[in-house]
Amino acid sequence: MFVKGANFNVKQIADSGQCFRMNLIEKDKYSLIAYDKYLELSQIDDETVKLSCSEDEFKDIWIDYFDLNYDYGKIIQLLSDGEDPFLRKITDFGKGIRILQQEPFEAMISFIISQNKNIPAIKSCIEALCSRYGEPKVSTVENNNTYYAFPTPYALAQAESTDLLQLKTGYRDQYIIRASQAVMEGLIDFNYLKKCDSTEALKVLKSVHGIGDKVANCILLFGLHHIEAFPVDVWIKKVLEEIYHNDFPLEKYDGFAGIVQQYMFYYMRCCPDKSFG
DNA sequence: TGCCAGGGATAAC
DNA sequence: GTTATCCATGGC
């Protein structure tokens, strides 16, 4: 089926570092595994994306996954009309990005793995984790190909440390196991964390061994849809230092700071011409 | 080869 | 409260 509308760019989303199971298949065409489903997306033109799913599946899963009920145009207009020249530039550069609503558990484990790794390494580690602990599935999209769902909390709570080390998790093995156990035990309740305010949710997430400020904010933003969350990694830190001299007025973007953060991240990672200012 | 990566825990100041 | 050190490993 086809999705029409501005501010939905598959390449920009795939390269925005939110999810790690979205990959280029051929020019303008990407595969994605999420919510136990396999999906292919093709960018037909600036305002058209083709999805390989049925309309029912689109309504059930992907419309929320891609946050298609949220008006990004309004935020983009606001930033484009603002007085900050850097924000005007990066908003124009990344205006096809959307904040994904990923499965909270997948976001939690993925961003625990992400620490001190680059994106290609994160991707291969997560793929290894999925093929080892995830449920095998068969897609009807193309050639009945087999893929693996993201592992359940139950599966990872019982994982062996030595086994995880073979999947290149490095020193994060116990982080993964203990976080999964916290979910199984109900110490982490994603439904509650979605509903409560982000300060409270941040505190709860950081109570898990291996989840610090940055990872917790990524879980908030990409798994719990707290779009006010503002994760600061090495790239964002660079923006805050080099562009704003550590005086970025975050409070001006209250309520949607996470979107601004994504424009910053995507620009820093992907703009071929990073002439600042 | 050495440095960096969507960091965090812990020890040491 | 803030800073230094260590962690395991792939990517480039």
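Refer to the structure above for everything that follows.
Throughout, residues of each chain are indexed from 1 in the direction in which the sequence is written. Written order decides the labels, with chains lettered from A and ligands numbered from 1. Only residues with pLDDT of at least 70 are given local features in this predicted model, and only at 80 or more are side-chain atom pairs given and counted; all residues enter the totals for whole chains, interfaces and linings. For the side-chain quantities, the full set of heavy atoms in the structure was used; hydrogens and water were omitted.

**Q** Outline the layout of surface pockets, supporting the account with residue identities and numerical values.
**A** Its volume calculated, the largest pocket comes out at about 490 Å³. Lining the largest pocket are 27 residues; nearest its centre among them are Ser114, Lys117, Lys214, Asp233 and Trp235. When contributions to the lining of the largest pocket are tallied by element, the ones reaching two or more residues are α5 (104-114), α6 (119-133), α12 (213-223), α13 (234-242) and α14 (257-270). In this count, Pro and Cys sit with the nonpolar residues alongside Ala, Val, Leu, Ile, Met, Phe, Trp and Tyr, while Asp, Glu, Lys and Arg are called charged and the others, Gly among them, polar. Of the residues that constitute the lining of the largest pocket, the class distribution is 14 nonpolar, eight polar and five charged. Segment limits for the domains were obtained from an automatic or database-derived domain assignment. Each of domain 1 (2-93) and domain 2 (104-223) accounts for three or more of the residues forming the lining of the largest pocket. Grid points spaced at 1 Å over the protein atoms alone were grouped into cavities, where a 1.4 Å probe fits but cannot get out, and pockets, open sets with protein on both sides within 12 Å along at least five of seven lines, with lining residues defined by an atom within 4 Å of a point. Grid points are joined across faces, edges and corners, and a volume is the space filled by probe spheres set on the points. Approximately 240 Å³ is the volume found for the second largest pocket. Around the second largest pocket, the lining is made up of 15 residues, and of these Asp36, Glu103, Phe150, Pro151 and Thr152 lie nearest the centre. Only DSSP runs of H or I covering at least 4 residues are called helices, and only runs of E covering at least 2 are called strands; the numbering of each starts at the N terminus.

**Q** Report on the pairing of strand β2 (residues 22-26), specifying residues and quantitative values.
**A** When DSSP finds two or more bridges between a pair of strands, those strands are recorded as paired. Sheet topology note: the β2/strand β3 (residues 29-34) ladder contains four bridges and is antiparallel. Paired with methionine 22 across the bridge in β3 is leucine 32.

**Q** Break down the packing of α13 against α14 for me, citing the residues and quoting the values.
**A** To get an axis, a line is fitted to the C-alpha atoms, and for a helix only the part in contact is used. The angle between two axes follows their N-to-C directions and goes from 0 to 180 degrees. Here α13 crosses α14 at 95 degrees, and the two axes come no closer than 9 Å. What the angle tells us is that α13 and α14 run roughly perpendicular. Where α13 approaches α14, its residues Trp235, Ile236, Lys238 and Val239 are matched on the opposing element by Gln261, Met264, Phe265, Met268 and Arg269. Broken down by class, the residue content of the contact of α13 with α14 amounts to six nonpolar, one polar and two charged. Each angle receives one of four descriptions, namely roughly parallel if under 35 degrees, roughly antiparallel if over 145, roughly perpendicular if within 65 to 115, and oblique otherwise. Contact criterion: two residues are considered in contact whenever any of their non-hydrogen atoms come within 4.5 Å of each other.

**Q** Please provide a residue-by-residue account of the pattern of salt bridges, values included.
**A** Between Lys or Arg on one side and Asp or Glu on the other, a salt bridge is scored when a side-chain nitrogen of the former is within 4 Å of a carboxyl oxygen of the latter. What the rule picks out here adds up to nine salt bridges. When the shortest N-O distance is used, the salt bridge between lysine 29 and glutamate 40 registers 3.6 Å. On the criterion of sequence distance, the pair formed by lysine 29 in strand β3 and glutamate 40 in strand β4 (residues 37-45) is long-range, its members being eleven residues apart. Since its relative accessible area comes to 7%, glutamate 40 is described here as buried. Buried, partly exposed and exposed residues are distinguished by accessible area as a fraction of the type maximum, computed with a 1.4 Å probe on protein chains only: under 20%, between the cut-offs, and over 50%, respectively.

**Q** Break down α6 for me, citing the residues and quoting the values.
**A** The end-to-end C-alpha distance of α6 is 21 Å, a good match for the 21 Å that 15 residues give at a rise of 1.5 Å each. Turning to α6, its buried residues number three or more, namely Ile122, Cys125, Ile126, Leu129, Cys130 and Tyr133. Angularly, the buried residues of α6 cover 135 degrees about the axis, an arc narrow enough to put them on a single face. For a helix, the expected span equals 1.5 Å multiplied by the number of residues minus one. This arc corresponds to the set of directions leading from the helix axis out to the C-beta atoms.

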